[in-house]
Amino acid sequence: MMPSTIKGIYKNGQVILEETPEINGPAEVLVTFTGDVVLRKALNPLDITERIKELSLLQDGWLNGEGMAPKKEELQWFSNIFESCYDTALPLPYLYPAVNGGVQAEWVNGNYDVSLNVDLKNKKAFYQALNHTNDHVDEITLDLVKREDWQLLNTKLLTVLKA
Amino acid sequence: MNPETPLLRQVHPSFVQVDHISAQVFSVTSQAFKPTPKDGNKLSVYNGDKFSAKESFEHFTSSGINKSFGVMAVTPVECETENLPCEENNDPFNGHAFIDFTGLPNNQIDKKAKKLRNAAVK
């Protein structure tokens, strides 16, 4: 049953609630097909698992006739290794498909514009952090199979995203 | 085109990620300003002197083949700042122009795409 005292805001067809007694953290209200009202913990809109599910629906030619679709098993590999190696203290990235069948993760923080262009087939990634104030670019190619390269990525992101 | 003419770029829906919690509401990848293999390093844009943003959107999507989430714009001055030539070639239609990334290595293309995206959202 819907609590009568909770406060929320309505956005894009969803009710986003502040802290509730029922759920520790932001929650959303769902109305089921049977009319039941359910409270559930709200997903981060940048949740990687959910985004990977969306990207796995792409077909070849997704970009106005061009664009290779990322392979489902490669997306699943990325999702798993991201969950395993990405520092949970860091903000989640935006995640987009790339025309070559890979994905591109992006973070924006103040003057920094950061991208990680992931070659899913070869499990490599090109990291580029652009500082808009001085045009300085930090770039490195990472081997996403190596944990030490993920640690390096986490360290670099921590520096630019917490700046 | 003059230095402040809007160069209108169509943004594919897959290049937009909705973020319904942050004040930003949605984010657009810098890939929106990165030429694809089909572009041959020449990023297609509409000449804003001949098309409004709405007209360019309708023109782009009218065939039912091309998809656009919306339109972003940079100016020739902003392109020039990044040493990216731009010109109108009216091919394949009157009002077609392009931003030329020819000769740049991939990392420079990535950097300049970020700069253009940043200019477009300011």
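Residues numbered from 1 in each chain as written. Chains lettered and ligands numbered in written order. Predicted model: local features only at pLDDT ≥ 70, side-chain atom pairs only at ≥ 80, totals over all residues.

### A few points about the overall build of chain A
Scanning chain A from terminus to terminus reveals three helices and nine strands. Going from N to C terminus, chain A has its helices and strands arranged as β-β-β-β-α-α-β-β-β-β-β-α. Looking at chain A as a whole, 23% of its 163 residues are labelled buried. The long-range fraction of contacts in chain A, counting pairs at least 24 apart against all pairs at least 6 apart in sequence, stands at 33%. (Helix = DSSP H or I, 4+ residues; strand = E, 2+ residues; numbered from the N terminus. Buried ≥ 20, exposed ≤ 12 C-beta atoms within 10 Å, placed from the backbone. Contact = placed C-beta atoms within 7 Å.)

### Focus: the nonpolar core
Residues Val103 and Val118 of chain A together with Leu7, Val45, Cys86 and Ile99 of chain B are the most contacted members of the largest nonpolar core, which totals 48 residues. Ranked by the residues each element gives to this core, the list is headed by strand β8 (residues 124–131) of chain A, at four residues. (Core = buried A, V, L, I, M, F, W, Y, C linked by C-beta atoms within 7 Å.)

### Some points on the interface of chain B and chain A
With 23 residues of chain B at the interface, the matching set in chain A holds 26 residues. Sorting the residues of the side of chain B that touches chain A by element identifies β2 (16–19) and α3 (106–121) of chain B as the ones contributing at least two each. Here the side of chain B that touches chain A takes five residues from α3 of chain B, the largest share from any one element. Residue composition of the side of chain B that touches chain A, grouped by class: five nonpolar, 12 polar and six charged. (Nonpolar A, V, L, I, M, F, W, Y, C, P; charged D, E, K, R; others polar.)

### Regarding the pairing of strand β9 (residues 137–143) of chain A
Residue and element names in this part refer to chain A. Direction of pairing for β8 relative to β9: antiparallel, over a ladder of seven bridges. Note on β9: the bridge partner recorded for Tyr127 is Ile140. Between the end of β8 and the start of β9, which pair antiparallel, lie five residues, with Asp135 showing a positive phi angle near 65 degrees. (Pairing = 2+ DSSP bridges.)

### Considerations on the sheet that holds strand β7 (residues 112–119) of chain A
Strands in a sheet are paired, the pairing made by backbone hydrogen bonds, and the direction either parallel or antiparallel. All names here are of chain A. If you trace the five strands from one edge of the open sheet to the other, you get β5-β6-β7-β8-β9, paired in antiparallel fashion. Strands at the two margins of the open sheet, each flanked by one partner only, are β5 (94–97) and β9. With direction set aside, neighbouring strand axes in the sheet form an average angle of 20 degrees. Relative to β9, helix α3 (residues 147–161) is tilted by about 155 degrees, and along the sheet it contacts β6 (103–109), β7, β8 and β9. (Axes fitted to C-alpha atoms, helices over the stretch in contact; angles between N-to-C directions.)

### What about the packing of helix α1 (residues 48–55) of chain A against helix α2 (residues 72–85) of chain A?
Residues and elements named next belong to chain A. For the pair α1 and α2, the least separation of the axes is 10 Å and the interaxial angle reads 170 degrees. Taken together, α1 and α2 sit at an angle that is classed as roughly antiparallel. Contacts between α1 and α2 involve Ile48, Thr49, Ile52 and Leu55 from the first element and Leu75, Ser79 and Phe82 from the second. Its residues placed into classes, the contact of α1 with α2 shows five nonpolar, two polar and no charged. (Parallel < 35°, antiparallel > 145°, perpendicular 65-115°, else oblique.)

### Points about the confidence of the model for chain A
A residue-level look at chain A finds 74% of positions with pLDDT of 70 or above and a mean pLDDT of 85. When the criterion is pLDDT under 50, residues 1–6 of chain A qualifies, and its contacts beyond four places in sequence or with other chains add up to six contacts. (pLDDT = per-residue confidence, 0-100.)

### Comments concerning the sheet that holds strand β1 (residues 7–11) of chain B
Residues and elements named next belong to chain B. The five strands lie next to each other as β5-β1-β4-β7-β6, forming an open sheet whose pairing is antiparallel. Across the chains shown, the open sheet's two edge strands, defined by having one partner strand only, are β5 (70–74) and β6 (86–88). Sheet twist, expressed as the average angle between the axes of neighbouring strands with direction ignored, equals 40 degrees. Note: strand β4 (residues 42–47) against strand β7 (residues 96–100), five bridges, orientation antiparallel. Bridge pairing links Ser44 to Phe98 in β7. Packing of helix α1 (residues 53–61) onto the sheet brings it into contact with β1, β4 and β5, and relative to β1 it is tilted by some 45 degrees.

### A look at unusual backbone geometry
Residues and elements named next belong to chain B. The omega torsion of the bond from Asp91 to Pro92 falls at 20 degrees, within 30 degrees of zero and hence cis. One can find Pro92 in the loop between β6 and β7. A positive phi angle is found at Asn41, which is not glycine, with a value near 70 degrees. As for its placement among the helices and strands, Asn41 is situated in the loop between β3 (25–28) and β4. Non-glycine residue Asn83 carries a positive phi angle of around 60 degrees.

### A word on the pairing of β8 of chain A
By the bridge criterion, eight bridges tie β7 of chain A to β8 of chain A in an arrangement that is antiparallel. The residue bridging Asp119 of chain A from the neighbouring strand is Lys124 of chain A, located in β8 of chain A.

### Section: the environment of Asn94 of chain B
Residue and element names in this part refer to chain B. Position of Asn94 relative to the elements: it lies in the loop between β6 and β7. Given 10 C-beta atoms within 10 Å, Asn94 falls into the exposed group. Asn94 sits 23 residues away from Val71 along the chain, and the two C-alpha atoms are 18 Å apart.

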